[in-house]
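Structural overview
Listed below, chain by chain, are the residues.
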Amino acid sequence: MAPMRSMFRILVGFAVAWSVTAVAAKGPSLEYYFPEEVEFDPDIPTPKEHFGFEVGEWHLRHEQTVGYLKRLAEVSDRMEILEYARSHEFKPLVLLKVSHPDHLADIDRIRERHLAWGDPDRSEGWSTDEEPAVLWMGYSVHGNEPSGANAAPLFAYYLAAAQGEEIDAFLARMVVLIDPGLNPDGIDRFAHWANMHRGKNPVSDSDHREHREGWPSSRTNHYWFDLNRDWLPLVHPESRGRLEQFGRWHPHILTDYHEMQTNRTYFFQPGVPERNNPITPERNYEITAKIAGYNAASLDQLGGLYYTRETFDDFYVGKGSTYPDLNGAIGLLYEQASSRGHVQDSIHGTITFPDTIRNQLRTSLSNLRAAHELREDLLEYRRWFYTSAREEAAAFPVAAYVFGQGPDDARAYHMLDLLHRHRIEVRRLEETTEIGGTRFEGGAAYVVPVNQREFRLVKSLFERRSDFEENVFYDVSAWTLPAAFNLDFAEWSREAFDDGAVGDPVGEPEFPSGSLVGGESDYAYLFSWDGYYAPRALQRFLSADVRVMAAHRPLEIETREGVRAFGRGTILVPVGSQPEKAGEIHELARRATREDGIDVYAVDQGLAESGIDLGSPSFAVLENPKVALVVGRGANQYETGAVRHLFDTRVDTGITLLDGHRLGSVDLDAYTAVIVVNHTDGGVTAAGRRALRDWVAGGGTLIALQGAVRWTANNDLADVDFVERETDNGEDERLRLPYGEGDRIEQEKRIGGAIFSAHVDATHPLGFGYENERVYVMRRGTDFLRPSANPYATPVAFDDAPLVSGYVSEENLDLMAGSAVALVSRQGSGRTILFSDDLNFRGFWYGGNKLFLNAVYFGPTIRHISVAEDDVE
């Protein structure tokens, strides 16, 4: 067994691993990458024989890597390859299965027995003697962290071609799964960037353009999302396909290979112990520490510097190295200092691309050795994990979590679908029940029992947590799932739990189907704005040049199936006044019921039973929005990506991606709305800011989210005040704090990601569709907006006691209470709509999407209500 290393110190060695000398002399080679004692089968094609160059000389495109792995699977009886998904750009994601040929011939039985180790009733008393360990090797979820993806073909070559007793023992006792590139779209973008800047003589100057990638960075996928935050939300096809395979295999170890800043060294876990997820068992970290010893020994042989207990944590369950921990596996994060190209100067000397690849390869090999030698520990841990989970669930004071469906079947469907993909059992609530002060209707609510296999994951997804061992987080501190969907939810205690009120498991959910109530109408159709996909239905009519209107007041009207109440935001589609489009309108109405899951009502008269009539001036005519999203330098790529993804995939319409530096040279009058997201002045010229001011004053609608709010205020694009924290800089009150604690103290003042509740004025156009007058907000940042002096211009504000889940300092919580989430600032004939937070957070904050879309579709209809001077302080 490899020597163990103390986890109470940074493990270091002499950093010859990053010496450029050996590589520069004759280029990388198999001898450079692999230990000297390894011998290879000459009948197995080397990477150079396949690619035409050595790994590390050029950045590999994903298709090149996949092609090589397919070739290995053709010539080696140790390998099989499976395509498990396609990326947004339709690039294949593959899993290379590696084991002894006899195992591959019987792989389905081996996999089923392996899964049975997670069932304590079946595996009790089983011997570990003949059971293989399952090791999942995942590389480069971030496209511009390429050393992992480029190490993958070398690791696959070793498994296919290595000869000797050690590799025979590995294959006999293991199944290895290689996921060579988790983000094909990003990997290819960066390969193109790095290769197009490579010259005959590589340049190591850190200011060289090769090392300064343009916007957006290829860290992200096609829609500019960070896929290493998507293990929980499963927004993207790459993640959904991967999780399906994770569930089919449930590996003992899953590795997650990354890169970090050039001036760092090499990191592997266990990470910051105080910041690990408290639901993860301590035994997990004990095994992680054992594996760290193998990694340390491997890098010591190279003389490489590394560290193990700083910077990175294992808290947010949506990361690739944390999600496995709550699912009975050992998740392992690896971070290599990046060359960000082919060669770059660093404070540790010159770092070459082959150097980074070799380090990733060597720790891949040490993982292989660790999984083999710790095989019995891993098998016993799997059985213990689910046995102890069962015991913890039985003693847990909560019997089940309950969430309501509400008036929107689609949001409930998406949450059910997400839980189903995570293999979580959900049952329907059959009887109306009051739980924790909230009334849940029978047949319209769901129950998630804690007594199920994935208890720890269930607890993580539903718990509200605000107390932490350490208040510093690498990512968000909360992700309470029902809040993301803006659904009512509660904990059902064991004392109050009524098993008789709970029905059968729901199983795989089906997308809701709406109805064309009353059939075709020659007069008009109405549909409510409650449904999540109502904006998509509206957009279908607008794209077809159909005239539509939105109700600014409620009404009750006779439909063909009786009197029905319709709230604010209800969409009216007249048929009789545009008879030339009647046939198209009928088809669009039917399509809305099929594809958007909403009910569309046929009406035959304009006279309402109560409220406004269909010809009322309180019905505002809507225009087809032409939206420009400001992108490029200065814009946050993740948040702009979320907006782009929302329109393209859920509203099903295109928007213009407008580079900020061009704002002063385009005709802004072509757009009805301009969106700026967490923006800085970096990419917008003075002429662009002037043009934007003139456009808004002339009647445009500017929408600003999160950090862009302060940007609009600084550039006279909005009238907004911020809640400032009180400070006392008097000399007698100067505060002295320990330098060594400075980073922690300052980070605790931040809000890195916590969930808060806010009140919505459902009578305001921005609040249409929020009849429960509540929205949950994921807050990241400490800019707090003071409510408008105009009492009608703050349609959404945080509650007085807003914290739902996550970490926030007491000072920040006091500042947040009652502050604005949404403001409307009048600017001449136009308006700037301000949102304090990212309402489209990571593509899965379904509950905030409509608030944002209301600004696009209803923003131009917002009237400015003047306030009498005596009413304004």
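Since we're looking at a predicted model, the values are computed, not measured.

1. Description of the overall build of the protein
Along its length, the protein carries 25 helices and 36 strands. The C-alpha radius of gyration computed for the protein amounts to 29 Å, which stays within 12% of the reference 29 Å derived for 873 residues, consistent with globular compactness. Residues classed as buried in the protein amount to 61% of the 873 residues present. Here the contacts in the protein between residues at least 6 apart in sequence split such that 80% fall between residues at least 24 apart. Computing the positive centroid from 87 side-chain charges and the negative centroid from 134, the protein places the two 3 Å apart.

2. With respect to a negative patch on the surface
Together, Glu 430, Glu 431, Asp 498, Asp 499 and Asp 504 make up a region of like negative charge exposed at the surface. With respect to the helices, strands and loops of the structure, Glu 431 is situated in the loop between strand 13 (427-429) and strand 14 (433-435). Glu 431 sits in the partly exposed class, given a relative accessible area of 42%.

3. Some points on the pattern of salt bridges
Summed over all chains, the structure comprises 46 salt bridges. Note that Glu 392 is salt-bridged to Arg 456, the shortest N-O span being 2.9 Å. Of this pair, Glu 392 sits in helix 14 (residues 375-395) while Arg 456 sits in helix 16 (residues 455-462), placing them 64 residues apart in sequence. Relative accessible area serves as the criterion here: at 38%, Glu 392 is assigned to the partly exposed category.

4. Observations regarding the layout of surface pockets
What the largest pocket holds in volume is close to 1,100 Å³. Arg 229, Tyr 474, Asp 475, Arg 780 and Arg 842 are, among the 47 residues lining the largest pocket, the residues nearest its centre. Of all the secondary structure elements, the ones that give two or more residues to the lining of the largest pocket are strand 7 (253-260), strand 9 (330-337) and helix 20 (637-651). When grouped by side-chain class, the residues that make up the lining of the largest pocket number 16 nonpolar, 14 polar and 17 charged. Contributing to the lining of the second largest pocket are 33 residues, with His 764, Tyr 792, Ile 862, Arg 863 and Ile 865 lying nearest its centre. Elements with a contribution of two residues or more to the lining of the second largest pocket: strand 35 (820-827) and strand 36 (830-835). Ranked by residue count, the leading element in the lining of the second largest pocket is strand 35, at 4 residues. Looking at side-chain class alone, the lining of the second largest pocket contains 12 nonpolar, 12 polar and 9 charged residues.

5. Some words on the sheet that holds strand 22 (residues 555-559)
Taken together, the 3 strands give an open sheet; going across it, the order is 23-22-26, and neighbouring strands pair in antiparallel fashion. With one partner strand each, in any of the chains shown, strand 23 (562-566) and strand 26 (610-611) form the two edges of the open sheet. Relative to strand 23, strand 22 is paired through 5 bridges, and the arrangement is antiparallel. Bridge assignment links Glu 558 to a residue of strand 23, and that residue is Val 563.

6. Quick notes on the sheet that holds strand 27 (residues 619-621)
Read from one edge of the open sheet, 6 strands run 19-25-20-24-21-27, paired in mixed fashion. Only two strands of the sheet have a single neighbouring strand rather than two, namely strand 19 (516-517) and strand 27. Its contacts with the sheet put helix 18 (residues 534-543) on strand 20 (524-527) and strand 24 (571-574), and the angle it makes with strand 20 is roughly 155°.

7. Re the nonpolar core
Ranked by size, the top nonpolar core spans 136 residues in total, and within it Ile 675 and Phe 852 carry the most contacts. No other element matches helix 25 (residues 846-857), which puts 7 residues into this core. When residues no more than four places from it in sequence are discounted, the contact partners of Phe 852 are Val 643, Leu 646, Phe 647, Ile 675, Ile 703, Leu 705, Phe 835, Leu 839 and Asn 840. Of all hydrophobic cores here, the second largest spans 64 residues; its members include Met 79, Phe 155, Ala 156 and Leu 159.

8. Considering the packing of aromatic side chains
Within this structure, the stated rule accounts for 44 aromatic pairs. With 4.8 Å between their ring centres and 50° between their planes, Trp 529 and Phe 858 make a pair best called tilted. Placement of Trp 529 in the loop between strand 20 and helix 18 and of Phe 858 in the segment after helix 25 is noted, with a sequence separation of 329 residues between them. Here the guanidinium or amino end of Arg 113 rests over the ring plane of Trp 126, the centre of that ring lying 3.9 Å away.

9. Brief notes about empty space enclosed by the protein
Evaluation of the coordinates by the stated rule reveals 5 cavities of 30 Å³ or more. A volume near 80 Å³ is recorded for the largest cavity. In terms of lining residues, the largest cavity is bounded by Asn 277, Pro 278, Phe 315, Ser 460, Glu 463, Arg 465, Ser 477, Ala 478, Trp 479, Thr 480 and Ser 805. By residue class, the composition of the lining of the largest cavity is 4 nonpolar, 5 polar and 2 charged. Considered as a void within the structure, the second largest cavity measures approximately 60 Å³ in volume. Lining the second largest cavity are Tyr 532, Tyr 533, Pro 535, Arg 536, Arg 650, Val 651, Asn 849, Lys 850 and Leu 853. Of all the secondary-structure elements, those providing two or more residues to the lining of the second largest cavity are helix 18, helix 20 and helix 25. With 3 residues, helix 25 is the largest single contributor of residues to the lining of the second largest cavity. Of the residues belonging to the lining of the second largest cavity, the class tally is 5 nonpolar, 1 polar and 3 charged.

10. Topic: the pairing of strand 10 (residues 343-346)
Where strand 10 lies against strand 11 (residues 349-352), 4 bridges are found, and the strand directions are antiparallel. Looking at strand 11, one finds that Ser 346 is bridged to Gly 349. The antiparallel pairing of strand 10 with strand 11 creates a hairpin that spans 2 residues between the two strands.

11. Thoughts on the side chain of Ser 218
With respect to the helices, strands and loops of the structure, Ser 218 is situated in the loop between helix 10 (184-196) and helix 11 (237-249). With relative accessibility at 0%, the residue Ser 218 sits in the buried group. In this structure the side chain of Ser 218 is engaged in a polar contact, spanning 2.4 Å, whose partner is the side chain of Glu 213. The contact partners of Ser 218, leaving out residues within four places of it in the chain, are His 142, Gly 143, Asn 144, Asn 183, Gly 186, Arg 189, Phe 190 and Glu 213.

12. As for the environment of Ala 789
Considering the arrangement of structural elements, one finds Ala 789 in the loop between strand 33 (774-779) and strand 34 (796-805). As for Ala 789 and His 661, which are separated by 128 residues in sequence, their C-alpha atoms are 33 Å apart.

13. What about helix 11?
Taking 1.5 Å of rise per residue, 13 residues should cover 18 Å, and helix 11 covers 18 Å from first to last C-alpha, within 8% of that figure. What helix 11 keeps buried is the set Pro 237, Glu 238, Ser 239, Gly 241, Arg 242, Leu 243, Gln 245, Phe 246, Gly 247 and Trp 249. Of the residues one or two after helix 11, His 250 is the one with positive phi, at around 45°.

14. Things to note about the confidence of the model for the protein
The pLDDT averaged across the protein works out to 93; a share of 95% of its residues lies at or above 70. Note on residues 1-22: pLDDT is under 50 here. Beyond four places in sequence and across chains, it has 67 contacts.

15. What to know about helix 25
With 12 residues, helix 25 should cover 16 Å at 1.5 Å per step; its first-to-last C-alpha distance of 17 Å lies within 8% of that length. Across the 12 residues that make up helix 25, a large majority, 12, are buried. For helix 25, every residue scored as buried is listed here: Tyr 846, Gly 847, Gly 848, Asn 849, Lys 850, Leu 851, Phe 852, Leu 853, Asn 854, Ala 855, Val 856 and Tyr 857.

16. With respect to the environment of Tyr 157
Relative to the elements of secondary structure, Tyr 157 occurs in helix 8 (residues 147-161). For the pair Tyr 157 and Asp 355, spaced 198 residues apart in the sequence, the C-alpha separation amounts to 18 Å. Tyr 157 has contacts with Leu 30, Phe 34, Phe 40, Ile 44, Pro 45, Thr 46, Pro 47, Tyr 68, Leu 72 and Ala 162, leaving out every residue within four places of it along the chain.

17. A look at the packing of helix 20 against helix 25
Taken N-terminus to C-terminus, the directions of helix 20 and helix 25 make an angle of 90°; their axes are 12 Å apart at the nearest point. It follows from the interaxial angle that helix 20 and helix 25 lie roughly perpendicular. On helix 25, the residues that touch Val 643, Leu 646, Phe 647, Arg 650 and Val 651 of helix 20 are Tyr 846, Asn 849, Phe 852, Leu 853, Val 856 and Tyr 857. Here the residues of the contact of helix 20 with helix 25 sort into 9 nonpolar, 1 polar and 1 charged.

So, how was this worked out
Residues numbered from 1 in each chain as written. Predicted model: local features only at pLDDT ≥ 70, side-chain atom pairs only at ≥ 80, totals over all residues. Heavy atoms only, no water. Helix = DSSP H or I, 4+ residues; strand = E, 2+ residues; numbered from the N terminus. Rg over C-alpha atoms; globule rule 2.2 N^0.38 Å. Buried < 20%, exposed > 50% of the residue type's maximum accessible area, 1.4 Å probe, protein only. Contact = heavy atoms within 4.5 Å. Lys, Arg positive; Asp, Glu negative; His and termini not counted. Charge placed at Lys NZ, Arg CZ, Asp CG, Glu CD. Patch = residues over 30% accessible without salt bridge, like charges linked within 9 Å, V, L, I, M, F, W, Y side chains within 5 Å. Areas by Shrake-Rupley, 256 points an atom, 1.4 Å probe, with all protein chains shown as cover. Salt bridge = Lys/Arg side-chain N within 4 Å of Asp/Glu carboxyl O. 1 Å grid on protein atoms, 1.4 Å probe; cavity = no way out; pocket = protein on both sides within 12 Å on 5 of 7 lines; lining within 4 Å. Points joined across faces, edges and corners; volume = space filled by probe spheres on them. Nonpolar A, V, L, I, M, F, W, Y, C, P; charged D, E, K, R; others polar. Pairing = 2+ DSSP bridges. Axes fitted to C-alpha atoms, helices over the stretch in contact; angles between N-to-C directions. Core = buried A, V, L, I, M, F, W, Y, C linked by side-chain atoms within 4.5 Å. Phe/Tyr/Trp six-rings, centres within 6.5 Å; stacked < 30°, edge-to-face > 60°. Lys NZ or Arg CZ within 6 Å of the ring centre and 35° of its normal. Polar contact = N/O pair within 3.5 Å; in protein donor to acceptor, adjacent residues only side chain to side chain. Expected span 1.5 Å × (residues − 1). pLDDT = per-residue confidence, 0-100. Parallel < 35°, antiparallel > 145°, perpendicular 65-115°, else oblique.

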